[in-house]
Amino acid sequence: MHLYLRTHVAAGPGQVWAGFTRELFLALAPPFPPFRLLRFDGCYRGDEVHIELGAGPLRYPWTSLITDHGTLPDGTHYFVDEGRRLPPPLRFWRHRHLLQPAPGGGTYIVEDLEYRSGLRALDALLYPVMWAQFAWRRPIYRRWFGAPGQPAGTSQPVAGSAGAPPAV
């Protein structure tokens, strides 16, 4: 199943790329399912991200490997994470993050992902859940990188509050 979401933010692609940090990863986490970040190397080829989903006796590991990253001739920054160890029912996960220059300024943050459970019907049933998990990120991206028409940082919550970038 393929999911594609695009969010326009005020900051340029280089600034957004630099902002893809452990802190942003944690801020982007939806409230469900509960998860714990075990390892976050970064967004460069060869980096790994390890999380544990669930709570109580139902805990599932998820390990992703960054398989590619770079900058395209048009100024688009990108990185790709692929699931190496996935929680049930997922069997395949490939998530391309594109940070495209937007006409008139800013960046389109593109979530381009493909997932499979092995059953087409289950993939279709998971689609609304997956869409909601990634649509959740849109206002967070705008808090971190600014909404279109306003400079990055002007709509961010106070550092230290939920979803806020760390104080520098």
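Right above here is the structure, for reference.
Quick caveat, the model's predicted, so the values are computed rather than measured.

### Quick notes on helix H3 (residues 120–135)
- Along its 16 residues, H3 runs 22 Å from first to last C-alpha, staying within 8% of the 22 Å computed at 1.5 Å per residue.
- Taken as a whole, H3 has its buried residues at Asp123, Leu126, Met130, Gln133, Phe134 and Ala135.
- Elements in contact with the buried residues of H3: strand E1 (2–9), strand E6 (92–101), strand E7 (107–116) and helix H4 (137–145).

### Let's talk about the layout of surface pockets
- Looking at the largest pocket, its volume works out to about 970 Å³.
- Taken together, 37 residues form the lining of the largest pocket, with Ile51, Leu53, Trp62, Trp93 and Gln133 sitting closest to its centre.
- Elements supplying a minimum of two residues to the lining of the largest pocket: helix H2 (22–28), strand E2 (35–40), strand E3 (48–55), strand E4 (58–71), strand E5 (77–85), E6 and H3.
- The greatest single-element share of the lining of the largest pocket, amounting to five residues, is contributed by H3.
- By residue class, the composition of the lining of the largest pocket is 28 nonpolar, seven polar and two charged.

Rules used in this analysis
- Residues numbered from 1 in each chain as written.
- Predicted model: local features only at pLDDT ≥ 70, side-chain atom pairs only at ≥ 80, totals over all residues.
- Heavy atoms only, no water.
- Helix = DSSP H or I, 4+ residues; strand = E, 2+ residues; numbered from the N terminus.
- Expected span 1.5 Å × (residues − 1).
- Buried < 20%, exposed > 50% of the residue type's maximum accessible area, 1.4 Å probe, protein only.
- Contact = heavy atoms within 4.5 Å.
- 1 Å grid on protein atoms, 1.4 Å probe; cavity = no way out; pocket = protein on both sides within 12 Å on 5 of 7 lines; lining within 4 Å.
- Points joined across faces, edges and corners; volume = space filled by probe spheres on them.
- Nonpolar A, V, L, I, M, F, W, Y, C, P; charged D, E, K, R; others polar.

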